[in-house]
There are 2 protein chains.
Amino acid sequence: MHNFEYYTPTKVVFGKNTEAETGKLVKEQNCRKVLVHYGSGSVVRSGLLDRICRSLNAEGIQYVSLGGVVPNPRLSKVREGILLCRQEGVDFILAVGGGSVIDSAKAIGYGIANEGDVWDFYARKRTAYACLPIGAVLTIAAAGSEMSNSSVITNEEGFIKRGYSSNYSRCRFAVLNPELTYTLPDYQTQSGCVDIMMHTMERYLNHGTNMEITDGISEALLRTVMKSARLLRENPKNYEARAEVMWASSLSHNGLTGCGTDGGDWASHQLEHELGGMFDVAHGAGLAAVWGSWARYVYKECPDRFAKLAVKVLMVQEKGSVEETALAGIEAMEDFYRSIGMPTTLRELGVEPTDEQILELADKCSFGNTRTIGIVKKLSREDMARIYRNAKG
Amino acid sequence: MHNFEYYTPTKVVFGKNTEAETGKLVKEQNCRKVLVHYGSGSVVRSGLLDRICRSLNAEGIQYVSLGGVVPNPRLSKVREGILLCRQEGVDFILAVGGGSVIDSAKAIGYGIANEGDVWDFYARKRTAYACLPIGAVLTIAAAGSEMSNSSVITNEEGFIKRGYSSNYSRCRFAVLNPELTYTLPDYQTQSGCVDIMMHTMERYLNHGTNMEITDGISEALLRTVMKSARLLRENPKNYEARAEVMWASSLSHNGLTGCGTDGGDWASHQLEHELGGMFDVAHGAGLAAVWGSWARYVYKECPDRFAKLAVKVLMVQEKGSVEETALAGIEAMEDFYRSIGMPTTLRELGVEPTDEQILELADKCSFGNTRTIGIVKKLSREDMARIYRNAKG
C-alpha cells in the first residue's frame, strides 16, 4: 500500500429540508457578498432558488446571481462569473446545482483568487495558490464535486475539456437533500450512478496496492449504488435510494475510496472527457460507453483486481481461471449498464465518430502525442485510438 | 434513515516516516508557540519525541513540552497543562501519543479557549464555544480521537470518568505512521482493536435506521479489524495489518460509520467509563468485558440488527429464528474476543467488584439515578447494576 493524504474539510448537511439551513451555513463563513451560481431554469421553476434566496435574506446576506451554466460547463461562463464577482466585490460563491455548477464555481474561485488567466490552471501551465471559498446546494448526485478537490471545464476554443484539482477548491459546506433529485430524468439519474461508480472503479482497478479496508468500502459503495440505481428505474421518488446514491456520490470522489492506492487509473475519464468536449454527451453515459472497450483492452494487466470486482461486486461465480472471471465481470458490468438504460458502445451513446474524428479524439486525449494516460496500462495515442475504435459498436 | 451532519476537517497524513512532516504541518497553522504534549517515557525512549522536536526546530517553531499523561487521563494533568500554556503563551497543542494524550490535549484546549473551570464541560454544566487548535502524531490505534470530536477525562475527585464532544476540538491534522505502533504490547494492541470495533458497533446496533452504504462500510471495517487483530497476534510488525487497524481507528470514530443512524447506543461505553474510572482498566479490554452482558440484556429489542452483525461480520450461518442467529452472533463475538486474548467477563478483566461496588458503579453511571443510558434499550440504574452483575463471570 502507498502512503496517502486524506483531507475532506467539507461540512456535509444531509437530509430532508436541509436547504433551509443554507443561509445559516453561509453566515458562518463571514463573507461580505455572495455569488449565487446556478444552471438551467429547473432550479428556478422548482422554487429551489427562491427558497435559497429567502434563506440568505433571512440572515441579511447580500448576494448577486449568475445562472446559465450548462453540462460540460464552459470557460466563457467562468470568465463572465469572474468579471461579475470582481465588479460586485463577491467573496463567497454558493453553487446551486450539480457537478457542472460546482465546477464552474471552482473555476471562478480560482480566477478571482489568483492572477492571470484562469485557463492556465486547466491547461497545466501554472498552479493555483488559492481559491475563493465555495459552498454547494446539490441537485444532481453524480460528479462528487461537492466534496472533491477537482473541477472540469470545457474551453469552447477547440472544445477542449480539462480538469484541475487542488485542495483549495474543496467546498466549505455541502447541503445534500436527496429530495432535490426526485425530478431528474431517468437518463440523468442513471448517468449519475455510472459516474459515481466510475469514481470508485478508477481507484479500485489497479496493480493491487489497495488497503483491504479501502477495498471493502469501495465494494460496499458499488453494490449500494447498483441496487439503488435499479430501484430508481422503478420509482424515482424512492427517498432511501436517492439518499444512498447522493451520499455515495460524495464518498466516491472525496478521496476515501483511494486511500492507500496508487492514485487511480483515470484513463476512462480522460477518454470520456474528449468525447464530452467534442460531442457534448452526458458524462456518465459517455463513461459507460467507453468503459467496456477500455476494460477489455487492459484487464490482462491486473486480472486479479478485475476478478475481485467481478466476485465481490457483480456476484460473478469464479470461473476456471482468474482471467475468465475477470472477463465475466466486464460482461456483467456491461449487462448492468444496459439494464439501467446506459450505453455500452459509442453508437448506443448516439455518437458515430468518423475515422478522422477518432484520430482527433486520440490526438487531443494524448495532448498531441505528448502524454500517456492510465496506470493499469499506460496508453499511448495509438492505444487510445484503438479503444475508441473498439467502443464504436 | 435520519438526517445527519458529517464534518471531518482533520488533514490525515498517513504512512511510513510521515512524522518527519510534523514541523511542516505545524508551520501551516501559523502559531506562535506550541505545547508538545505526551504520555509516558516510551515516546522518549523510542526517539520519537526527539524526531518530532527536530522537525519543529527545522521549521523554527518555538515550543514547550509537557509529558506524564496516563491512560484514563487525569484532570490534574489537564489543569497543569492549562497553567503552563497560559504562562508560556501557547496557541497550538501537538499531542504525541494515543487517545489519552489527544484527549488531554483537547481538554487543555477547551480550558485555554473558554473561561471558567474546564471540568464544567465534562460535568455537562456548560458548553464550550472554542478550543485551541490541536494536531496529533498517533502512537496507538484505538480511541479514534485523532479524527473524532470527543475526549474523555477522569476527575480524581471521586474517580469520575466523563466525555465531552464538540467539533471545535477536531484535530487540524493527524500524522498516522503505522510503524509507530510496532512496539505496543499485544494486550494494548488487542484492546485497541476492541475499542475500534466498539466505536462502529455502538452505531451499528440500533433500531434499523442505518443507510445501506453505512452498514456496508461498517461491516467492511469490522471484518478488516478482526482479521488484522489476529494477524498482529502472530506478528506485531505486520505493516499492512498495523495500517488497516490504524486507519480503521480513525474511520470508526470520525462519524462515517454513524451517517443516517440515530447517533449510536453508547451504553457499553458508558458502562465501561465507570469501570475505567474506578478500577483503571484498559478501555478496550473493559469494553470487551461488559459487551456480552450488555448484548444479552438488550438484543431482543433489535434482533434483526444483531443477526445482521452475526451473518455479515461474524460469518454465522443463519439459524432457525432471527433471535437464535442474533444470539449465535453474540457468542461468536465473545469467541473472537477470547481468541485475541481479550476478557469477556469482569473476572477475566481482573476486576471482582463487591455488591456494594456494583451499586456504586450503577449509581455513578446513572448520574445518581438522574439519567438512563442507551438507545437500543433505555437502561435505568437497576438495569445497569444487572448488566454489571451478569458480567462478573
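Scroll up to find the structure this text is about.
Owing to the predicted nature of the structure, the values given are computational and were not obtained by experimental measurement. (Residues numbered from 1 in each chain as written. Chains lettered and ligands numbered in written order. Predicted model: local features only at pLDDT ≥ 70, side-chain atom pairs only at ≥ 80, totals over all residues. Heavy atoms only, no water.)

## Notes on the interface of chain A and chain B
Contacts between the two partners involve 35 residues from chain A and, on the opposite side, 35 residues from chain B. Our count for the contact surface shared by chain A and chain B stands at 2 salt bridges. With a shortest N-O distance of 2.5 Å, Lys227 of chain A and Glu212 of chain B are connected by a salt bridge. For the pair chain A and chain B, the number of links is 13 residue pairs in polar contact (both at pLDDT 80 or more). Contributions of two or more residues to the side of chain A that touches chain B are made by strand 1 (4–14), helix 8 (212–234) and helix 9 (239–253) of chain A. Top element by residues in the side of chain A that touches chain B is strand 1 of chain A. It accounts for 11 residues. Considered class by class, the residues forming the side of chain A that touches chain B number 21 nonpolar, 7 polar and 7 charged. (Contact = heavy atoms within 4.5 Å. Salt bridge = Lys/Arg side-chain N within 4 Å of Asp/Glu carboxyl O. Polar contact = N/O pair within 3.5 Å; in protein donor to acceptor, adjacent residues only side chain to side chain. Helix = DSSP H or I, 4+ residues; strand = E, 2+ residues; numbered from the N terminus. Nonpolar A, V, L, I, M, F, W, Y, C, P; charged D, E, K, R; others polar.)

## Notes on the sheet that holds strand 3 (residues 62–66) of chain B
Taken together, 12 strands build an open sheet; the order of strands is 3(A)-2(A)-4(A)-5(A)-8(A)-1(A)-1(B)-8(B)-5(B)-4(B)-2(B)-3(B) and the sheet is mixed. Each edge of the sheet is formed by a strand with only one pairing partner; in this case those strands are strand 3 (62–66) of chain A together with strand 3 of chain B. Strand after strand, the sheet turns through a mean of 25° between neighbouring axes, direction not considered. Of the strand pairs in this sheet, strand 5 (residues 134–138) of chain B and strand 8 (residues 173–176) of chain B are connected by 4 bridges, and their pairing is parallel. (Pairing = 2+ DSSP bridges. Axes fitted to C-alpha atoms, helices over the stretch in contact; angles between N-to-C directions.)

## Quick notes on the packing of helix 8 of chain A against helix 9 (residues 239–253) of chain B
Running from amino to carboxyl end, helix 8 of chain A crosses helix 9 of chain B at an angle of 50°, the nearest separation of the two axes being 9 Å. Comparing their axes, helix 9 of chain B and helix 8 of chain A come out oblique. Facing helix 8 of chain A, whose interface residues are Glu212, Ile213 and Ile217 of chain A, helix 9 of chain B presents Glu244, Trp247, Ala248 and Leu251 of chain B. Of the residues contributing to the contact of helix 8 of chain A with helix 9 of chain B, the split by class is 5 nonpolar, no polar and 2 charged. (Parallel < 35°, antiparallel > 145°, perpendicular 65-115°, else oblique.)

## Points about the relation of the copies chain A and chain B
If you rotate chain A by 180° and push it 0.0 Å along the axis, it lands on chain B with an RMSD of 0.0 Å. Expressed as an axis order, the relation between the two copies is that of a two-fold axis. It is Pro9 of chain A whose C-alpha, among those of chain A, lies nearest the rotation axis, at 1.9 Å. (Least-squares fit on C-alpha atoms with pLDDT ≥ 70 in both.)

## Re the nonpolar core
Counting 225 residues, the largest nonpolar core has Trp247 and Trp294 of chain A together with Trp247 and Trp294 of chain B as its most contacted members. In this structure Trp247 of chain A touches Val12, Phe14, Met147 and Leu176 of chain A together with Phe4, Tyr6, Met211, Ile213 and Cys259 of chain B, once residues within four positions along its chain are discounted. In terms of nonpolar packing, the next biggest core, distinct from the first, is built from 20 residues, Val13, Cys31, Val43 and Leu48 of chain A among them. (Core = buried A, V, L, I, M, F, W, Y, C linked by side-chain atoms within 4.5 Å. Buried < 20%, exposed > 50% of the residue type's maximum accessible area, 1.4 Å probe, protein only.)

## Digging into unusual backbone geometry
Here Trp266 of chain A, not a glycine, exhibits a phi torsion of approximately 70°, which is positive. Non-glycine residue Phe367 of chain B carries a positive phi angle of around 50°. You can see Phe367 of chain B is positioned in the loop between helix 15 (355–365) and helix 16 (381–390).

## Details of the pattern of salt bridges
Residues and elements named next belong to chain A. The tally for this structure, following the rule as stated, stands at 48 salt bridges over all chains. Of the charged contacts, one joins Arg347 and Glu352 as a salt bridge, the two residues approaching to 3.6 Å between their closest N and O atoms. You can call Glu352 exposed: its relative accessible area is 57%. By sharing partners, the salt bridges in this structure join Asp215, Glu219, Arg305 and Lys308 into a single network.

## As for helix 7 (residues 186–204) of chain B
Its 19 residues give helix 7 of chain B an end-to-end C-alpha distance of 27 Å, which sits within 8% of 27 Å, the value for a rise of 1.5 Å per residue. Within helix 7 of chain B, 16 of the 19 residues are buried, which leaves the element mostly enclosed by the surrounding structure. (Expected span 1.5 Å × (residues − 1).)

## Concerning the side chain of Thr224 of chain B
Within the secondary structure, Thr224 of chain B sits in helix 8 (residues 212–234). Within the local environment of Thr224 of chain B, its side chain forms a polar contact with the backbone oxygen of Ala220 of chain B, the two atoms lying 2.8 Å apart.

## A word on the packing of aromatic side chains
Both the distance between ring centres and the angle between the ring planes are used here to describe each pair of aromatic rings. Taken as a whole, this structure holds 32 aromatic pairs over all chains when the rule is applied. On the numbers, 5.3 Å between centres and 75° between planes, the contact of Tyr6 of chain A with Trp247 of chain B is edge-to-face. Taken together, the residues span two chains, with Tyr6 of chain A in strand 1 and Trp247 of chain B in helix 9. The same class applies to Tyr6 of chain A and to Trp247 of chain B, which are both buried. For the ring pair Trp247 of chain A and Phe4 of chain B, a centre distance of 5.2 Å and an interplane angle of 65° mean the geometry is edge-to-face. With Trp247 of chain A in helix 9 and Phe4 of chain B in strand 1 (residues 4–14), this pair bridges two chains. Both residues of the pair, Trp247 of chain A and Phe4 of chain B, belong to the buried class. Linked through ring pairs, Trp291, Trp294, Tyr299, Phe306, Phe336 and Tyr337 of chain A together constitute an aromatic cluster. Here the basic side chain of Lys11 of chain A rests over the ring of Tyr7 of chain B, its NZ or CZ set 5.5 Å away from the ring centre. The positively charged end of Arg305 of chain B is found above the aromatic ring belonging to Tyr204 of chain B, 4.4 Å away from the centroid. (Phe/Tyr/Trp six-rings, centres within 6.5 Å; stacked < 30°, edge-to-face > 60°. Lys NZ or Arg CZ within 6 Å of the ring centre and 35° of its normal.)

## Some remarks on the packing of helix 4 (residues 75–88) of chain B against helix 5 (residues 99–113) of chain B
All names here are of chain B. In contact at an axis separation of 9 Å, helix 4 and helix 5 are set at 50° when each is read in the N-to-C sense. Relative to helix 5, the element helix 4 lies oblique. You can see that helix 4 and helix 5 cross each other, and the crossing is right-handed. Of the residues in helix 5, those touching helix 4 at Lys77, Val78, Gly81, Ile82, Cys85 and Arg86 are Ser104, Ala107, Ile108, Gly111 and Ile112. Each residue belonging to the contact of helix 4 with helix 5 can be placed in one class, and the counts come to 6 nonpolar, 3 polar and 2 charged. (Left-handed = near helix turned anticlockwise from the far one by under 90°.)

## With respect to the pairing of strand 8 of chain B
Residues and elements named next belong to chain B. Here strand 8 shows two buried faces, one formed by Phe173 and Val175 and the other by Ala174 and Leu176. Note: strand 1 against strand 8, 4 bridges, orientation parallel. Looking at strand 8, one finds that Phe14 is bridged to Leu176.

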